[in-house]
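Structural description and commentary
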Amino acid sequence: MQFGLLLPGGDGRPIKIYKEKAGSLLISGAKGRRERQKKKVILEFFWLFFSCYKVEYLVEKVFTIASCDAAEPWQLGFQDAATPVMQGIIDLHHDIFFFLILILVFVLWMLVRALWHFNHGRNPIPQRIVHGTTIEIIWTIFPSIILMFIAIPSFALLYSMDEVVVNPAITIKAIGHQWYWTYEYSDYNSSDEQSLTFDSYMIPEDDLEVGQLRLLEVDNRVVVPAKTHLRLIIASADVLHSWAVPSLGVKCDAVPGRLNQTSILVQREGVCYGQCSEICGTNHAFMPIAVEAVSFEDYASWASNRLS
Ligand code: CUA
């Protein structure tokens, strides 16, 4: 958005905008032209607003950047949800934010009003009211109703996240190490020798190829089938780590000597990036997670390639 205000106006010079009266934006110039130019400013703002989307769209098209689930520069808000759980988290956030704004506006209004009406200059002799039953009932009942409106969806989400899928198609074990992750696909173990296990290390900055994300790309991604119920078992071999992928809505501690379990259902194909989220030593920032969700056929051929 920053480039927006440097764009030239109709006469080629950069448009200079200043505030004359509260609420009206005008271009510098003679009084007679103001009305006409007012319209122009509004149009320019519309143009800027839409062009931002156009630029983003073009950059994506021209450079064929595959959109992936990772943090963006200057990002505000969440990454796109790839699982129903993450969608639930985003919805709950918006839900609670509604009440938050209501409370914020109300409390601010009360504060400003109290400062305005009850300062020493305006109100030198204070009232001696110490209580009022009606208002006390209202300010007890009303917040508890709001709390209930927050609690009900919150608990619903909490318990649905906790629910472990009864019959997951695949079980994947993620083991945290200082400082990389090991993944085990234990469904395919026919003997002690044959198992699908691999380490996943971050790709160092010097070895990055075009399109790979710094501090996020790994040498071996966790390949999972999309639209399939998965069970994740998370553990650690040394210290505390945390397996966290924002767009999957997963943040699960990896504790040595303990198995933590979550289940996910990735709804679309793509790569979801995450990072270790428990301070685990010097290279804590350098043990990212990359989950690649593919079609079930692609997953099956990947797994059979890995096993042979
Ligand atoms: Cu592993 Cu932080």
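Rules of the game
- Residues numbered from 1 in each chain as written.
- Predicted model: local features only at pLDDT ≥ 70, side-chain atom pairs only at ≥ 80, totals over all residues.
- Heavy atoms only, no water.
- Patch = residues over 30% accessible without salt bridge, like charges linked within 9 Å, V, L, I, M, F, W, Y side chains within 5 Å.
- Areas by Shrake-Rupley, 256 points an atom, 1.4 Å probe, with all protein chains shown as cover.
- Salt bridge = Lys/Arg side-chain N within 4 Å of Asp/Glu carboxyl O.
- Buried < 20%, exposed > 50% of the residue type's maximum accessible area, 1.4 Å probe, protein only.
- Pairing = 2+ DSSP bridges.
- Helix = DSSP H or I, 4+ residues; strand = E, 2+ residues; numbered from the N terminus.
- Axes fitted to C-alpha atoms, helices over the stretch in contact; angles between N-to-C directions.
- Contact = heavy atoms within 4.5 Å.
- UniProt positions renumbered as here; feature names shortened; annotations may be inferred.

1. Examining a nonpolar patch on the surface
- On the surface, a nonpolar cluster with roughly 1100 Å² of combined accessible area is contributed by F98, L102, I103, L104, F106, V107, L108, W109, M110, L111 and V112.
- Relative accessible area serves as the criterion here: at 48%, L102 is assigned to the partly exposed category.

2. Details of the sheet that holds strand β9 (residues 250–254)
- The five strands lie next to each other as β6-β12-β11-β8-β9, forming an open sheet whose pairing is mixed. In this open sheet, the two strands that pair with only one neighbour each are β6 (222–225) and β9. When the angles between neighbouring strand axes are averaged without regard to direction, this sheet yields 25°.
- With five bridges connecting them, strand β8 (residues 241–245) and β9 associate as antiparallel partners. Note on β9: the bridge partner recorded for W243 is C252.
- Packing of helix α4 (residues 296–307) onto the sheet brings it into contact with β6 and β12 (289–294), and relative to β6 it is tilted by some 135°.

3. Some remarks on the UniProt feature "transmembrane region" (unreviewed entry) in the protein chain
- Sequence positions flagged by UniProt for "transmembrane region" (unreviewed entry) are, in local numbering, residues 96–116 and 137–159.
- Between the end C-alpha atoms of residues 96–116 the distance is 30 Å, and the span holds 100% helix and 0% strand.
- Strand forms 0% of residues 137–159 and helix 100%; the C-alpha atoms that close the span are 32 Å apart.

4. Here's the deal with the pattern of salt bridges
- Applying the stated criterion across every chain, the model contains four salt bridges.
- Two residues, R221 and E217, come together in a salt bridge whose shortest N-O distance is 3.0 Å.
- On the accessibility criterion, R221 (25% relative accessible area) is partly exposed.
- Here E217 falls in the buried class, since its relative accessible area comes to 3%.
- Linking E292 and R221 is a salt bridge whose minimum nitrogen-to-oxygen distance equals 3.2 Å. Taken as a pair, E292 in strand β12 and R221 in the loop between β5 (196–200) and β6 lie far apart in primary sequence, 71 residues in all.
- Its relative accessible area of 24% is what places E292 among the partly exposed residues.

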